[in-house]
Amino acid sequence: MFLSPKMKDERITIMQNKIYKEIYILVILFCLGSIAVKHYLYGFEFQLIATELFILIGQGIYYSVRASMTGLFSSEVELHDRRSRLPMSSKTILIGLLFGAALSLYFGIRSAVLYGEGTAQSLNYFLITFLGAFMIYVPFLAVTMAVSFYISKKKSDAAVEKALKDDDE
């Protein structure tokens, strides 16, 4: 009994996907570790960590685009929404809000520690920097996350509709 060249053993495919997942996690951990070590040794120099940031950000963008273009994103959202109490659209906006707040908190603390002389001035610098960054980053990140989610969902739904239409013909 011979297998056609296009047929694949499902067990092999599943094991390959597990290995790819492990490699992906190792690459992400390596990039994060490299950023942490470079930050510790040399301070924050964007030029030194640009490659790692490109890998981390680029893979996320690539996955999002591919998942949207193939219709996988709609399936992932539907599966998530069935299992979770909080819909993925709300969760995406919440992640943008929390990341914006965390970024604002980081900038506020950093400003207070680096530039504040004394408790009162440090608190003043923290509040000014935190509130300014909060007003900028929280709305920007929440809107960016929401818009990217809805565009991805729309593109993915269109890809699913096209695939269903092609199957009917």
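Structure: above.
Residues numbered from 1 in each chain as written. Predicted model: local features only at pLDDT ≥ 70, side-chain atom pairs only at ≥ 80, totals over all residues. Heavy atoms only, no water.

Student: Honestly, the overall build of the protein chain in this entry has me stumped. Any pointers?
Tutor: Within the protein chain, the regular secondary structure consists of five helices and zero strands. If you list the helices and strands of the protein chain from N to C, you get α-α-α-α-α. For the protein chain, the spread of C-alpha atoms along the principal axes amounts to about 80 × 35 × 30 Å. Buried positions account for 20% of the 169 residues belonging to the protein chain. Intrachain contacts of the protein chain at a sequence separation of at least 6 include 60% that bridge at least 24 residues. Accessible surface, the protein chain: about 13,300 Å² in total, of which carbon and sulfur atoms supply 70%. Counting 17 positive and 15 negative side-chain charges, the protein chain places the centres of these two groups 2 Å from one another. (Helix = DSSP H or I, 4+ residues; strand = E, 2+ residues; numbered from the N terminus. Buried < 20%, exposed > 50% of the residue type's maximum accessible area, 1.4 Å probe, protein only. Contact = heavy atoms within 4.5 Å. Areas by Shrake-Rupley, 256 points an atom, 1.4 Å probe, with all protein chains shown as cover. Lys, Arg positive; Asp, Glu negative; His and termini not counted. Charge placed at Lys NZ, Arg CZ, Asp CG, Glu CD.)

Student: Would you take a moment to explain the pattern of salt bridges for this structure?
Tutor: If charged atoms from side chains of opposite charge come close, those side chains can pair. According to the stated counting rule, one finds four salt bridges in the structure shown. Between Glu 52 and Lys 38 there is a salt bridge, and its shortest N-O distance comes to 2.9 Å. One end of the pair, Glu 52, is in helix H2 (residues 46-70); the other, Lys 38, is in helix H1 (residues 10-42), and 14 residues separate them in sequence. According to the relative accessible area criterion, Glu 52 is buried, its value standing at 8%. Salt-bridge contacts for Asp 157 lead to Lys 153; the nearest nitrogen and oxygen are separated by 3.1 Å. Here Lys 153 and Asp 157 lie together in helix H5 (residues 119-168), a separation of four residues that amounts to about one turn. (Salt bridge = Lys/Arg side-chain N within 4 Å of Asp/Glu carboxyl O.)

Student: It is not clear to me how H1 should be interpreted in this structure. Could you clarify?
Tutor: The periodicity of an α-helix, 3.6 residues per turn, causes residues three or four places apart in sequence to face the same way. With 33 residues, H1 extends 47 Å from end C-alpha to end C-alpha; this agrees with the ideal 48 Å at 1.5 Å per step. Those residues of H1 that are buried are in contact with H2. Just beyond H1, the residue with positive phi is Gly 43, at close to 80°. (Expected span 1.5 Å × (residues − 1).)

Student: Would you mind showing me how to read the environment of Asp 81 here?
Tutor: Secondary-structure assignment places Asp 81 in helix H3 (residues 72-83). Those residues in contact with Asp 81 that sit more than four places away from it in its chain are Pro 87 and Met 88. Side-chain polar atoms of Asp 81 contact the side chain of His 80, separated by 3.3 Å. (Polar contact = N/O pair within 3.5 Å; in protein donor to acceptor, adjacent residues only side chain to side chain.)

Student: Help me out: how do you make sense of the nonpolar core in this one?
Tutor: The nonpolar side chains of a soluble globular protein tend to be buried with one another. Ile 28, Cys 31, Ile 35, Ile 49 and Leu 56 form the largest nonpolar core, which has five residues in total. Every element with two or more residues in this core is listed here: H1 and H2. If one sorts the elements of this core by residue count, H1 sits on top with three residues. Discounting chain neighbours no more than four positions away, the residues touching Ile 35 are Ile 49, Glu 52, Leu 53 and Leu 56. (Core = buried A, V, L, I, M, F, W, Y, C linked by side-chain atoms within 4.5 Å.)

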